[in-house]
Amino acid sequence: SRYYREVLPGEIVKISRYDVQTLDVVPRPEGDPSAFCIFEYVYFARPDSIFEGQMVYSVRRRCGQQLAIEAPVEADLVSTVPESATPAALGYAQKCGLPYVEVLCKNRYVGRTFIQPNMRLRQLGVAKKFGVLSDNFKGKRVVIIDDSIVRGNTISPIIKLLRESGAKEVHIRVASPPIRFPCYMGINIPTKEELIANRPEFHDLANYIGADSVVYLSVEGLVSSVQESIKARQENENSLKTQKSRVGKIGHCTACLTGEYPVELEW
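The structure presented is a predicted model; accordingly, all values stated were derived computationally and were not measured.

## Details of the pattern of salt bridges
Moving on, step 1. Scanning the model with the defined rule gives seven salt bridges in all.
Moving on, step 2. Measuring nitrogen to oxygen at the nearest pair gives 3.0 Å for the salt bridge that ties Arg141 to Asp76. Taken together, the residues Arg141 in strand S9 (residues 141–146) and Asp76 in the loop between helix H2 (56–70) and strand S6 (77–80) connect sequence positions 65 residues apart.
Moving on, step 3. Of the residues examined, Arg141 reaches a relative accessible area of 22% and is grouped as partly exposed.
Moving on, step 4. The partly exposed category is assigned to Asp76, whose relative accessible area is 28%.
Moving on, step 5. The salt bridge partner of Arg163 is Asp212, with a shortest N-O separation of 2.8 Å. Of the two residues, Arg163 is situated in helix H5 (residues 155–164) and Asp212 in the loop between helix H6 (205–209) and strand S11 (213–216); the sequence distance between them amounts to 49 residues.
Moving on, step 6. Exposure remark for Arg163: the relative accessible area of 30% places this residue in the partly exposed category.
Moving on, step 7. Given a relative accessible area of 38%, Asp212 falls into the partly exposed group.

Here it is in structure tokens:
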């Protein structure tokens, strides 16, 4: 397969054996920026996906670099829970000048944990899901990069596992801001009450999940990581006096993080 181009917002495309045709583009209300889901970059999309002219992997790596600027920590090595946060962990390690080292390996013989019917079974599933590479971190201060902490159930048994296997300190850095609000645009986010960011435990989250420290990426840090290369490309196109960028006015939906929805909610 070969990357051809992105489908524009509101565009209806016909693909035949002969060519690719635009049948119509539903116009956006004048002046409204696009509101592409920012969580696609953080978590949902495959790392090799291309949105708005940039690869998701590259954005995740930039998020890790930005996180290192916002939340450095005295540590010996950087790692991650395999493997969705690996690009962010590599970015964090590179920016901090710390080695990236694997501390966990995935056990491919267990099923998915999130479909287990209750929290206890999910936590047991998480512990079985990973093997511990204890030689790599025994007696060392470890920074674990995660892409998001939603309920806080999954990370807790992992921290316990690392401590029991010899980690001296375990610091958690999250390459996205805390999710606080429901999504009404089609993403199935847990209820407001289930989100750890809205619970009293969030005020002492490190203690609640058993970490030495926990810091999330700021909303501004995420937005700048996502928009950096889009802006650079648009400026380059403008300086070359080419036609207006296909992306148009830059805009991303951050509703689940900020509560600012791109459309008016009607009940």
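## What to know about the side chain of Arg173
Moving on, step 1. Along the chain, Arg173 turns up in strand S10 (residues 169–174).
Moving on, step 2. Here Arg173 sits buried without a salt bridge, and the closest side chain of opposite charge, Glu169, lies 8.8 Å off (N-O distance).
Moving on, step 3. Setting aside anything within four residues of it in sequence, one finds Arg173 in contact with Leu67, Ala71, Pro72, Val73, Tyr92, Val143, Ile144, Ile145, Asp146, Ser213, Val214 and Val215.

## A few points about the nonpolar core
Moving on, step 1. Ranked by size, the top nonpolar core spans 30 residues in total, and within it Leu67, Val78, Tyr92, Ile145, Ile179, Leu222 and Leu257 carry the most contacts.
Moving on, step 2. Of all the secondary structure elements, the ones that give two or more residues to this core are helix H1 (39–44), H2, helix H3 (86–96), S9, helix H7 (219–239) and helix H8 (255–258).
Moving on, step 3. Considering every element that reaches this core, the biggest residue donor is H2, with five residues.
Moving on, step 4. Once residues within four sequence positions are removed from consideration, Leu257 is found in contact with Ile38, Phe39, Pro177, Pro178, Ile179, Arg180, Phe181, Val219 and Leu222.
Moving on, step 5. Listed in part, the 28 residues of the second largest apolar core include Leu104, Ile172, Ala197 and Ile209.

## Here we look at the pairing of strand S1 (residues 11–15)
Moving on, step 1. Pairing of S1 with strand S2 (residues 20–25) involves five bridges; the strand directions are antiparallel. Each residue of the ladder has a partner; that of Ile15, found in S2, is Val20.
Moving on, step 2. If you look at the hairpin formed by S1 and S2, you'll find four residues sitting between the two strands.

## Here's the deal with the side chain of Glu52
Moving on, step 1. Relative to the elements of secondary structure, Glu52 occurs in the loop between strand S4 (50–51) and strand S5 (54–55).
Moving on, step 2. The charged side chain of Glu52 is buried without a salt bridge, its nearest counter-charge being Arg233 at 7.5 Å.
Moving on, step 3. Within the structure, Glu52 has its side chain in polar contact with the side chain of Tyr41 (distance 2.6 Å).

Definitions and cut-offs
- Residues numbered from 1 in each chain as written.
- Predicted model: local features only at pLDDT ≥ 70, side-chain atom pairs only at ≥ 80, totals over all residues.
- Heavy atoms only, no water.
- Salt bridge = Lys/Arg side-chain N within 4 Å of Asp/Glu carboxyl O.
- Helix = DSSP H or I, 4+ residues; strand = E, 2+ residues; numbered from the N terminus.
- Buried < 20%, exposed > 50% of the residue type's maximum accessible area, 1.4 Å probe, protein only.
- Lys, Arg positive; Asp, Glu negative; His and termini not counted.
- Contact = heavy atoms within 4.5 Å.
- Core = buried A, V, L, I, M, F, W, Y, C linked by side-chain atoms within 4.5 Å.
- Pairing = 2+ DSSP bridges.
- Polar contact = N/O pair within 3.5 Å; in protein donor to acceptor, adjacent residues only side chain to side chain.

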